[in-house]
Amino acid sequence: MRTIRSRHRVSALAGVATALLALSACGQEGSPETAGGGTESSGGSSAAPTYAVASDVAITGSPTYDKITSAGKVVIGVKADQPGIGQKDPGSGEYAGFDIEMAKLMAAKLGLTPDQIEFVETVSANREPFLQQGTVDMVIASYTINDKRKEVVDFAGPYYVAGQDLLVRADDDSITGPDALAGKKVCSVEGSTPATRIRDEHPDATLVTFDAYSKCVQQLTSNAVDAVTTDDAILRGYAAQQPDALKVVGEPFSEEPYGIGLPKGDTVLRNTLNDAIEAAVSDGDWKKAYDFTLGGSGTDPEPPAVDRY
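All figures in this text were calculated on a predicted structure; none of them were measured in a lab.

Draft legend 1. Quick look at helix H7 (residues 232-241). Extensive coverage of H7 is indicated by the burial of seven of its 10 residues. Those residues of H7 that fall on the buried side of the exposure criterion are Asp232, Ala233, Ile234, Leu235, Gly237, Tyr238 and Ala239.

Draft legend 2. Highlighting the sheet that holds strand S6 (residues 86-88). The antiparallel open sheet is built from three strands, whose spatial order is S5-S6-S7. Whereas interior strands pair on both sides, the edge strands pair on one side only; in this sheet they are strand S5 (81-82) and strand S7 (95-96). Note that S6 and S7 share two bridges and pair antiparallel. Residue pairing for S7: Lys88 is matched across the bridge by Tyr95.

Draft legend 3. Expanded view of the pattern of salt bridges. According to the stated counting rule, one finds 19 salt bridges in the structure shown. Among the salt bridges present, the one from Asp211 reaches Lys215, with a minimum N-O distance of 2.8 Å. Classification of Asp211 as partly exposed rests on a relative accessible area of 40%. Classification of Lys215 by relative accessible area gives partly exposed; the value is 35%. Salt bridges linked by common partners bring Lys109, Asp283, Asp285 and Lys288 together as one network.

Draft legend 4. Spotlight on helix H8 (residues 267-283). With 17 residues, H8 should reach 24 Å at 1.5 Å per residue; the first-to-last C-alpha distance of 24 Å fits that figure. Considered for burial, the residues of H8 that qualify are Val268, Leu269, Arg270, Thr272, Leu273, Asn274, Asp275, Ala276, Ile277, Ala279 and Ala280. A positive backbone phi angle near 90° is found at Gly284, which sits one or two residues after H8.

Draft legend 5. Seen up close, empty space enclosed by the protein. All chains considered together, the criterion is met by one cavity of 30 Å³ or more. In this model, the largest cavity occupies a volume close to 70 Å³. The wall of the largest cavity is formed by 14 residues, among which Arg127, Ser142, Ser192, Pro194 and Tyr213 lie closest to the centre. Of all the secondary-structure elements, those providing two or more residues to the lining of the largest cavity are helix H5 (193-201) and strand S14 (227-231). A class-by-class count of the residues in the lining of the largest cavity yields three nonpolar, seven polar and four charged. Split by domain, the lining of the largest cavity shows at least three residues from each of two domains, domain 1 (43-160 + 258-297) and domain 2 (164-248).

Calculation criteria
- Residues numbered from 1 in each chain as written.
- Predicted model: local features only at pLDDT ≥ 70, side-chain atom pairs only at ≥ 80, totals over all residues.
- Heavy atoms only, no water.
- Buried < 20%, exposed > 50% of the residue type's maximum accessible area, 1.4 Å probe, protein only.
- Helix = DSSP H or I, 4+ residues; strand = E, 2+ residues; numbered from the N terminus.
- Pairing = 2+ DSSP bridges.
- Salt bridge = Lys/Arg side-chain N within 4 Å of Asp/Glu carboxyl O.
- Expected span 1.5 Å × (residues − 1).
- 1 Å grid on protein atoms, 1.4 Å probe; cavity = no way out; pocket = protein on both sides within 12 Å on 5 of 7 lines; lining within 4 Å.
- Points joined across faces, edges and corners; volume = space filled by probe spheres on them.
- Nonpolar A, V, L, I, M, F, W, Y, C, P; charged D, E, K, R; others polar.
- Domains from an automatic or database assignment.

This is how it looks when you write it as structure tokens:
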């Protein structure tokens with residue numbers, strides 16, 4: 001049995017005791033203000049939450065956890081251009097958003113502090129390759145769980161359920177939902193679930209793809225495309241940045257369960273993180289993370305039940 005302690009002050013994650021895991025949390029506090037995330041949210045409560053760091057963690061049978069232990073840090077793939085979810089401040093280089101808080105929360109429950117997390121920017125198309133190649137230890141990046149992805153990677157969670165929606169220009173009343181997309185140019189990210197849905201279910205629309213949603217938003221504001229589609233939480237973040245120019249229309253037309261992507265076959269770590277998510281819901285940390293980042297979005301969702309497939 002291996003034990004992680006704060007050796008090099010460089011990495012992070014968490015869970016509740018199971019037959020494969022012994023965890024005990026106490027005392028030490030992990031503050032999101034100290035690593036990889038700003039002290040202000042993009043729309044929720046103003047006070048940055050802190051998460052109690054487990055003082056002694058022991059996990060056996062997880063090659064990813066052994067790698068984290070050896071490195072003294074956890075490497076987590078995150079998005080950098082999604083307000084409220086995962087966004088990088090170009091000035092400070094710090095990350096903020098609900099996914100970032102979930103990364104810090106998982107790290108704390110695994111006994112690691114915020115300064116033991118290394119964030120690596122990912123885009124939708126490289127999330128699976130980054131996990132398969134060992135570039136990152138896990139991915140927390142608005143990563144929808146689906147059967148195709150589960151063929152090559154594993155998921156803990158879901159920790160949040162979003163829904164696909166549409167972002168349009170504020171003065172455009174011609175698009176009211178997905179049924180009004182015929183003949184329209186719709187922008188999304190290549191490799192994403194929303195892009196696949198438009199391609200498969202709305203062939204009368206012209207799909208335009210880039211590697212980042214921020215590029216789609218630029219195309220929308222310059223009139224090069226008619227709509228941007230992805231998860232509603234992400235779109236609300238963009239609309240909040242330019243309320244006079246952009247709006248979200250219609251009702252969500254899918255369910256997008258966000259999961260923590262893990263290397264395929266690491267069942268021990270998947271179970272550990274599922275325990276950690278459930279513990280965060282029970283002890284109120286999930287709600288603290290949501291209120292700090294997405295609490296100003298006008299929704300107050302129930303945390304989803306984890307899927308122990």
